[in-house]
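Below are the chains, spelled out letter by letter.
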Amino acid sequence: GPAGAAASSETLIDRGPPTLTLTAPSTPNNASTLNFLVGSTEALTGLAAADFSVAGTSCVVGTPSAPAGSAPNLVYTIPVGSCADTANVSLTMNQLSVTDAATNAAPPSSLTAGPVLVDRTAPNGTITSPAASRDDPITFSVTITETIQGSIDANDFNVSGTGCSIGAVTQNAPTYSVTLVGCN
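Residues numbered from 1 in each chain as written. Predicted model: local features only at pLDDT ≥ 70, side-chain atom pairs only at ≥ 80, totals over all residues. Heavy atoms only, no water.

## Overview of the overall build of the protein chain
Put simply, the rule is: Numbering of helices and strands starts at the N terminus; helices are DSSP runs of H or I of at least 4 residues and strands are runs of E of at least 2. Every radius of gyration here is taken over C-alpha atoms, with the globule rule written as 2.2 Å times N^0.38, N being the number of residues. Buried residues are those whose accessible area, probed at 1.4 Å on protein chains only, stays under 20% of the maximum for their type, while exposed residues exceed 50% and partly exposed ones sit between those limits. Should any heavy atoms of two residues lie within 4.5 Å, those residues are counted as being in contact.
Scanning the protein chain for helices and strands turns up zero helices and 13 strands. Overall, the protein chain shows an N-to-C arrangement of helices and strands of β-β-β-β-β-β-β-β-β-β-β-β-β. Scaling as 2.2 N^0.38, a compact globule of 184 residues should have a C-alpha radius of gyration of about 16 Å, whereas the protein chain reaches 28 Å, well beyond that. Judged by the C-alpha coordinates and their principal axes, the protein chain covers about 115 × 35 × 20 Å. A buried classification covers 25% of the 184 residues belonging to the protein chain. Restricting to contacts in the protein chain with at least 6 residues of sequence separation, those with at least 24 account for 58%.

## Observations concerning the sheet that holds strand β2 (residues 33–40)
As a reminder of what qualifies: Note on pairing: DSSP must find at least two bridges between two strands before they are called paired.
With antiparallel pairing, the four strands of this open sheet are ordered in space as β1-β2-β5-β4. Because the sheet does not close on itself, it has two edges, and the strands there are β1 (20–23) and β4 (60–61). Bridge count for β1 against β2 is four bridges, and the pairing is antiparallel. In the sheet register, L20 faces β2, and the bridge partner there is S40.

Written out as structure tokens, the structure reads:
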């Protein structure tokens, strides 16, 4: 037999691929670069822009980041840039495009996240004045060119005219009625 105790190292047998998720940024989004996130239970080998396809006018997939976090909660950032304003952007991770350290390929089927609407254009508004009148109150019509976040209220308007103040703002989007009261 051996003259002394023999030592051996542990060997991890990994026969399963990493579990992956693909998450889109919020929509609508006005960022110049959209950061999609790949979540993984294991470190990935060979993660590259070529592992993805992107739908969206003029969009380009950039170089994935190094992982943040630690297994089983690793996160890679996949930047998508050069998208045209109003593009609807979806990112797809190709089937079996990456591997773990034991060369187990993932994902077993394509993963898609999105669409994310790129919106870098501020909404416009048109104010329609009522016909000349001695009536009180006076109601103006305001039409906005697109859906807006939040609400419109009296604080969003500047009023001029002797004694005039905003009495009410009512919404029937995309049109709002702004009623002035007390005008002399």
